[in-house]
Amino acid sequence: MKIKIAPSILSADFSNLCAELKKVEAAGADLIHVDVMDGHFVPNITIGPVVVKYIRKCTKLPLDVHLMIENPAKYIGAFVNAGSDMITVHIETVSAANIKAQSVKLKARGIKFGVSLNPSTPISKIKPVLKYIDFVLVMSVNPGFGGQAFIIGAITKIRQLRAIFKKDIAVDGGINDVTAKLVKEAGANVLAAGSYIFGAKNTKKAINSLR
Ligand code: DX5
Ligand code: ZN
């Protein structure tokens, strides 16, 4: 499968966000990963739909919006209206029935829909909803902050998932040139990376090394 690289803007310089997006786009990024945190589901607060609306003007790349928030169904519409192309919710925050309902709505609007699971959440939790979604986002850190160390248990999870799921498998947290190899071997094909890409002196080199 084609490997897609999704720089996470959590590690970007927010005083220059538009320039940062243009920089990763020019360096060959495939998606822009946008981390939305509410201070409830995770112990950090980041950005809302208003920021998505403005960064939409800065790049042609699809905006991959990762909702680390409680009650995501309440806010999905606002993030779609703001210009999101892909929406990810956490399985820890929604019921299977709700995922089914959201998948119908998002499909009608041409939005790709994914479900994420925390390091401590087993694959069995998402099995019932795999038929409703376009991709799975495997967390390889506990969500909340950029720059954390990769949790190795994610590898087994990706491998188990790849055996039963043929669509995109994304991985998020602690991705660098070393861990990228491991997750690709295990079957992941979308790599979200924040500190490794935005902390690099040579952005293009960093993106190519992940690919
Ligand atoms: C973590 C976020 C990640 C994070 C990745 O809660 O969902 O997308 O920004 O950052 P790095 O690549 O630095 O681990
Ligand atoms: Zn993320």
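Below is a short write-up of the structure. (Residues numbered from 1 in each chain as written. Chains lettered and ligands numbered in written order. Predicted model: local features only at pLDDT ≥ 70, side-chain atom pairs only at ≥ 80, totals over all residues. Heavy atoms only, no water.)

1. Some words on the site of ligand 1
Piece 1. Close to ligand 1 lie 19 residues, the nearest being Asp 35, Gly 144, Asp 172, Gly 194 and Ser 195.
Piece 2. At a separation of 3.3 Å, an oxygen atom of ligand 1 approaches a polar side-chain atom of His 33.
Piece 3. Within the contact set of ligand 1, an oxygen atom lies 2.7 Å away from a side-chain nitrogen or oxygen of Asp 35.
Piece 4. Notes on ligand 1: free accessible area 380 Å², of which the protein chains cover 100%.
Piece 5. Using a 2 Å cut-off from the grid points, one finds that ligand 1 occupies the largest cavity.
Piece 6. Contributing elements (two or more residues each) for the shell around ligand 1: strand E2 (32-37) and strand E3 (63-68).
Piece 7. No other element matches E2, which puts three residues into the shell around ligand 1.
Piece 8. A per-class count over the shell around ligand 1 returns seven nonpolar, ten polar and two charged. (Near = heavy atom within 4 Å. Polar contact = N/O pair within 3.5 Å; in protein donor to acceptor, adjacent residues only side chain to side chain. Areas by Shrake-Rupley, 256 points an atom, 1.4 Å probe, with all protein chains shown as cover. 1 Å grid on protein atoms, 1.4 Å probe; cavity = no way out; pocket = protein on both sides within 12 Å on 5 of 7 lines; lining within 4 Å. Sits in = over half its atoms within 2 Å of the grid points. Helix = DSSP H or I, 4+ residues; strand = E, 2+ residues; numbered from the N terminus. Nonpolar A, V, L, I, M, F, W, Y, C, P; charged D, E, K, R; others polar.)

2. Examining the pattern of salt bridges
Two side chains that carry opposite charge are able to pair once their charged atoms sit near each other.
Piece 1. Tallied over the full model, the rule gives five salt bridges.
Piece 2. Across the pair Lys 23 and Glu 20 runs a salt bridge whose closest N-O atoms are separated by 3.0 Å. You can see Lys 23 and its partner Glu 20 sitting in helix H1 (residues 17-26), three residues apart, about one turn around the helix.
Piece 3. On the basis of relative accessible area, Lys 23 is assigned to the partly exposed category, the value being 32%.
Piece 4. On the basis of relative accessibility, which here comes to 10%, the residue Glu 20 falls in the buried class.
Piece 5. Residues Asp 85 and Arg 56 are paired through a salt bridge, measuring 2.7 Å at the closest nitrogen-oxygen approach. (Salt bridge = Lys/Arg side-chain N within 4 Å of Asp/Glu carboxyl O. Buried < 20%, exposed > 50% of the residue type's maximum accessible area, 1.4 Å probe, protein only.)

3. Examining the coordination of the zinc ion (ligand 2)
Piece 1. Taken together, His 33 (NE2), Asp 35 (OD), His 66 (ND1) and Asp 172 (OD) make up the protein donors of the zinc ion (ligand 2), found 2.0 to 2.3 Å from the metal.
Piece 2. Around the zinc ion (ligand 2) sit six donor atoms; with metal-centred angles ranging over 71 to 169°, the donor geometry is octahedral.
Piece 3. Spacing between the donor residues of the zinc ion (ligand 2) along the chain follows H-x1-D-x30-H-x105-D. As far as burial versus exposure is concerned, His 33 and Asp 35 are alike and both buried. (Donors = N, O, S within 2.8 Å, 3.2 Å for Na, K, Ca; no water. Tetrahedral: all angles 85-135°; square planar, octahedral: opposite > 155°, others 65-115°.)

4. Overview of helix H6 (residues 177-186)
Piece 1. If you check which residues of H6 are buried, you get Thr 179, Ala 180, Val 183 and Ala 186. All buried residues of H6 project into a common sector of 130° when viewed along the axis, lining one side. Structural note: H6 exposes Val 178, Lys 181 and Glu 185 on the side pointing more than 90 degrees away from its buried face.
Piece 2. Where H6 is buried, its residues touch helix H5 (153-164), strand E7 (168-172), strand E8 (190-193) and helix H8 (203-210).
Piece 3. The N-capping residue of H6, defined by a side-chain oxygen 2.9 Å from the backbone nitrogen of Val 178, is Asn 176.
Piece 4. At the exit of H6 stands Gly 187, carrying a positive phi of roughly 125°. (Arc of directions from axis to C-beta. Contact = heavy atoms within 4.5 Å.)

5. Brief notes about the packing of helix H3 (residues 73-81) against helix H4 (residues 96-108)
Relative orientation and spacing of two packed helices are given, respectively, by the angle between their axes and the distance between those axes.
Piece 1. Remark: H3 packs on H4, axes separated minimally by 11 Å, with the N-to-C direction vectors making an angle of 15°. As summarised for this structure, H3 and H4 are arranged roughly parallel, according to the angle between their axes. Here the hand of the crossing between H3 and H4 comes out right-handed. From H3, Ala 73, Ile 76 and Val 80 reach across to H4, where they touch Asn 98, Gln 102 and Leu 106.
Piece 2. Grouping the constituent residues of the contact of H3 with H4 by class yields four nonpolar, two polar and no charged. (Axes fitted to C-alpha atoms, helices over the stretch in contact; angles between N-to-C directions. Parallel < 35°, antiparallel > 145°, perpendicular 65-115°, else oblique. Left-handed = near helix turned anticlockwise from the far one by under 90°.)

6. As for the environment of Gly 83
Piece 1. Relative to the elements of secondary structure, Gly 83 occurs in the loop between H3 and strand E4 (86-90).
Piece 2. Counting along the chain gives 19 residues from Gly 83 to Asp 64, while the straight-line C-alpha distance between them is 10.0 Å.
Piece 3. In this structure, Gly 83 is in contact with Val 52, Arg 56 and Leu 63, ignoring residues within four places of it in sequence.

7. Regarding the pairing of E8
Piece 1. Neither face of E8 is left uncovered, since the one carrying Val 190 and Ala 192 and the one carrying Leu 191 and Ala 193 both have all their residues buried.
Piece 2. As paired strands, strand E1 (residues 4-7) and E8 are joined by four bridges and run parallel to one another. Paired with Ala 6 across the strands is Ala 192, a residue of E8. (Pairing = 2+ DSSP bridges.)

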